[in-house]
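Architecture and fold: a report
Given next are the chains, with one letter for each unit.
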Amino acid sequence: MDAIELLKFYFITPQEIIGILTGVLREGLMYSVASLGVYITYKILDFPDMTVDSSFPLGMSITAILLILDVPPILTLCISFIAGALVGVITGIIHVKFGVRDLLSGIIVMTALYSINLRIAGRSNLPVFKKPTIFHLEYFNFLDRSMKTILILLVIVAICKILLDYYLKTKNGYLLRSVGDNEKLVTALAKDKGNVKIIGLAIANGFVAFAGSIFTHDRGFFEISAGTGTLVIAVSNVIIGMQIAKRIKCISDTTAVIIGSILYRACISIALSWGLEPRDLKLITASLLLIILVMNSIKRKNKVA
Amino acid sequence: MIELRNVSKYYNTGSVTETCVFNKFNLNIDKNEFVSVVGSNGSGKTTMLNIICGSIKVDRGDVFLDNKNITNVPEYKRMVKIGRVFQNPAFGTCPSLNIIENMALAENKNKSFDLKPLVDKNRVEKYKTMLKSLNLGLEDKCDINVGALSGGQRQAIALLMSTMIDIKFLILDEHTAALDPKTADVIMELTDKIVKEKNLTAIMVTHNLRYAVEYGNRLLMMHDGQIVIDVKNEEKKNLKVEDVLDKFTTISIECGN
Ligand SMILES: Nc1ncnc2c1ncn2[C@@H]1O[C@H](COP(=O)(O)OP(=O)(O)OP(=O)(O)O)[C@@H](O)[C@H]1O
Ligand SMILES: [Mg+2]
């Protein structure tokens, strides 16, 4: 084979490259919203919150039903956020007030929510095709469909990021940051550390359900199994993001999480282009997280040695 | 005032390692007393402070603060009136925030933690003046994360933070132990100044007998969950380091150490 043939064999036409890139951006941006939520639990609160695996499909099911009921698309996003936040509060109360271990509280709520999601949607798969979604809004009409989707996603992600950044600079936000860092300080400030954790879980799951809502808008259906692995994906995104933030000082944690989400999705696309199939997706996501974690711990060992 | 009435405290109740730290322990501290507490390791000093602050529950007995029975009041609610510096320098500050952010948090204590920005640029100068009083050059390290500071530097900041707003009680657990001798002297002077200026009722645990004798208007020595020396006011003024040391040695010998 000569060079040109080789190129043709391994590489792809510009159109295909654009197609892959827009796909990566689209998925990456969508999951970056969920990752911003998991950034709060995993990074700030140091709380492995399994609830997200069900608050993501919660956002999906609520949105599917609301779209079918012709509720304005934007409103479905807000309602999903609120529903997610409520679920976060429940996990928080189980953990804080009843003293159940963090991981278990999340698993309990996740399991219960599985049934509730089925109840909300009425079945395990609910299509909402032919309903107007946030991606059909009359903005950016000069762009083609996929570019418009990405631009709308960019706007949503930017709003989420700016709001979260603002929140983390407020008095309440700083209290949240201290509770994961040094609970004793929060108590010394005469604040109930349990309540602060509950607030954190609420915001986090709000973001995740919000992401689930966007997902339904994009895909046009609710699917009960779509949430499985949300935590694994989001934690991977957050860890990649934190590595970026450590190396490039001038970007904020939240921006890094968003970039991490896109990079992570690019890795998945590469894995898929190597001949792995969509049904291998969970295997790929789990393996990727394992690789990331092992690489991190090797690096840490090298530093100590 | 702070009062412990018939307080009993056991660790690991029911197991072979059961330890009785206090058995019907009584203590009465009046308003504006500045009590220095000395005593051997494991004599129960930290446990006593934890009981007062509510970090641990008593098995029996009652705790009073300002004439109110607070035995069942949770720790965070007691902290409205109490400022505290821990034996462990990591406990007093938030390591991933910088000095200014930490101080801004402390200054907001007992106010609402709402959705307004925390750090007020106009206050930064005041924080820096406060940091200058520590003589540690921290006023030039304001935007360094506290986690990157030494234990002693953190402890000094923790003292400032715990007394930033108007509190009534100050609880100090070996707050100069992590400091070099010169810095310890500076911090001790500052502590004394703060206690006097703010009219605080203070308890200071220390292993430094000189500080215990020199500062404060009451001295307690604890041993095995009991108070073995309790001197106040005039009597305390005439007390010398040697007297305390003698008593300390006698007790240690009696106990076979
Ligand atoms: N969490 C705990 N579990 C079991 N025993 C404990 C615990 N904390 C303290 N103790 C025991 O209680 C006793 C008093 O401990 P405490 O920490 O109050 O001593 P201390 O006077 O502060 O000593 P030091 O001068 O070393 O700080 C010790 O015998 C200790 O072994
Ligand atoms: Mg102690």
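Residues numbered from 1 in each chain as written. Chains lettered and ligands numbered in written order. Predicted model: local features only at pLDDT ≥ 70, side-chain atom pairs only at ≥ 80, totals over all residues. Heavy atoms only, no water.

Looking at the overall build of chain A
- Per the secondary structure count, chain A includes 12 helices and 2 strands.
- What you see in chain A, going N to C, is helices and strands ordered as α-α-α-α-α-β-α-α-α-α-β-α-α-α.
- For chain A, the C-alpha radius of gyration of 20 Å lies close to 19 Å, the compact-globule estimate for 305 residues.
- Projected onto its principal axes, the C-alpha positions of chain A cover 70 × 60 × 35 Å.
- In chain A, which comprises 305 residues, the proportion classed as buried is 50%.
- By sequence separation, contacts in chain A at least 24 residues apart represent 76% of the contacts at least 6 residues apart.
- Computing the positive centroid from 30 side-chain charges and the negative centroid from 20, chain A places the two 7 Å apart. (Helix = DSSP H or I, 4+ residues; strand = E, 2+ residues; numbered from the N terminus. Rg over C-alpha atoms; globule rule 2.2 N^0.38 Å. Buried < 20%, exposed > 50% of the residue type's maximum accessible area, 1.4 Å probe, protein only. Contact = heavy atoms within 4.5 Å. Lys, Arg positive; Asp, Glu negative; His and termini not counted. Charge placed at Lys NZ, Arg CZ, Asp CG, Glu CD.)

Focus on the site of ligand 1
All names here are of chain B.
- As a matter of local geometry, ligand 1 sits amid 14 residues, with Asn41, Gly42, Lys45, Thr46 and Thr47 nearest to it.
- Between Glu174 and ligand 1, the recorded distance is 3.4 Å, taken from a side-chain N or O atom to an oxygen atom.
- Against a free-state accessible area of 640 Å², the protein chains account for coverage of 64% of ligand 1.
- Among the residues making up the shell around ligand 1, the classes are represented as 2 nonpolar, 10 polar and 2 charged. (Near = heavy atom within 4 Å. Polar contact = N/O pair within 3.5 Å; in protein donor to acceptor, adjacent residues only side chain to side chain. Areas by Shrake-Rupley, 256 points an atom, 1.4 Å probe, with all protein chains shown as cover. Nonpolar A, V, L, I, M, F, W, Y, C, P; charged D, E, K, R; others polar.)

As for the coordination of the magnesium ion (ligand 2)
- Coordination sphere of the magnesium ion (ligand 2), protein contribution only: Thr46 of chain B (OG1) and Gln87 of chain B (OE1), at 1.9 to 2.4 Å. With Thr46 of chain B in helix H1 (residues 45-53) and Gln87 of chain B in the loop between strand E6 (82-85) and helix H3 (99-107), this residue pair connects regions lying 41 residues apart in the sequence. (Donors = N, O, S within 2.8 Å, 3.2 Å for Na, K, Ca; no water.)

Let's talk about the side chain of Glu107 of chain B
Residues and elements named next belong to chain B.
- Structurally, Glu107 can be placed in helix H3.
- Its relative accessible area of 14% is what places Glu107 among the buried residues.
- Polar side-chain contacts of Glu107 include one of 2.3 Å to the side chain of Arg123.
- Discounting chain neighbours no more than four positions away, the residues touching Glu107 are Arg123, Lys126, Tyr127, Met164 and Ile165.

Concerning the sheet that holds strand E1 (residues 2-11) of chain B
Residues and elements named next belong to chain B.
- With antiparallel pairing, the 4 strands of this open sheet are ordered in space as E2-E1-E4-E5. In the strand order of this sheet, the two ends are held by strand E2 (19-29) and strand E5 (68-69), each with one partner.
- Where H1 meets the sheet, it contacts E1, E2 and strand E4 (60-65), and its direction lies at approximately 115° from that of E1. (Pairing = 2+ DSSP bridges. Axes fitted to C-alpha atoms, helices over the stretch in contact; angles between N-to-C directions.)

Description of the packing of helix H3 (residues 52-68) of chain A against helix H4 (residues 73-96) of chain A
All names here are of chain A.
- Between H3 and H4, whose axes approach to 9 Å, the crossing angle comes to 145°. Seen from above, H3 lies across H4 with right-handed handedness. Taking contact as the criterion, the partners of Leu58, Gly59, Ile62, Thr63, Leu66 and Leu67 in H3 are, on H4, Pro73, Thr76, Ile79, Ser80, Ala83, Gly84 and Val87.
- The class makeup of the residues in the contact of H3 with H4 is 8 nonpolar, 5 polar and no charged. (Left-handed = near helix turned anticlockwise from the far one by under 90°.)

Some remarks on the packing of aromatic side chains
- The final tally for this structure, using the stated rule, is 8 aromatic pairs over all chains.
- Here the aromatic rings of Tyr31 of chain A and Phe56 of chain A are separated by 5.5 Å at their centres, their planes lie at 5°, and the arrangement is stacked. Highlighted residues: Tyr31 of chain A in helix H2 (residues 14-44) and Phe56 of chain A in helix H3, separated in sequence by 25 residues. Residues Tyr31 of chain A and Phe56 of chain A agree in their burial class; the two are buried.
- When the ring of Phe86 of chain B is compared with that of Phe91 of chain B, the centres are 5.5 Å apart and the planes differ by 85°; the resulting orientation is edge-to-face.
- Through a chain of ring-to-ring contacts, three or more aromatic side chains come together here, namely Tyr31, Phe56 and Phe215 of chain A.
- For the cation-ring pair, Lys184 of chain A lies above Phe91 of chain B, with the distance from its terminal atom to the ring centre recorded as 4.4 Å.
- When the ring centre of Tyr11 of chain B is taken as origin, the NZ or CZ atom of Lys9 of chain B, which lies over that ring, is 5.3 Å away. (Phe/Tyr/Trp six-rings, centres within 6.5 Å; stacked < 30°, edge-to-face > 60°. Lys NZ or Arg CZ within 6 Å of the ring centre and 35° of its normal.)

With respect to a nonpolar patch on the surface
Residue and element names in this part refer to chain A.
- On the surface, Leu103, Leu104, Ile107 and Ile108 cluster together into a nonpolar patch covering about 300 Å² of accessible area.
- Relative to the helices and strands, Ile107 resides in helix H5 (residues 102-121).
- On the accessibility criterion, Ile107 (31% relative accessible area) is partly exposed. (Patch = residues over 30% accessible without salt bridge, like charges linked within 9 Å, V, L, I, M, F, W, Y side chains within 5 Å. Salt bridge = Lys/Arg side-chain N within 4 Å of Asp/Glu carboxyl O.)

Comments concerning a positive patch on the surface
All names here are of chain A.
- Together, Lys246, Arg247, Lys249, Lys299 and Arg300 make up a positively charged patch on the protein surface.
- Where the positive patch is concerned, the elements lending two or more residues are helix H10 (230-247) and helix H12 (281-304).
- Turning to its location among the elements, Arg300 is positioned in helix H12.

Some words on the interface of chain A and chain B
- With 20 residues of chain A at the interface, the matching set in chain B holds 30 residues.
- Together, the buried faces of chain A and chain B total about 2,200 Å²; carbon and sulfur atoms form 65% of this surface.
- Counting across the chain A and chain B interface gives 0 salt bridges.
- Between chain A and chain B we count 12 residue pairs in polar contact (both at pLDDT 80 or more) in total.
- Secondary-structure elements contributing two or more residues to the side of chain A that touches chain B are helix H6 (145-168), helix H7 (171-181) and helix H8 (183-188) of chain A.
- Here the side of chain A that touches chain B takes 7 residues from H7 of chain A, the largest share from any one element. (Buried area = accessible area lost by both parts, 1.4 Å probe.)

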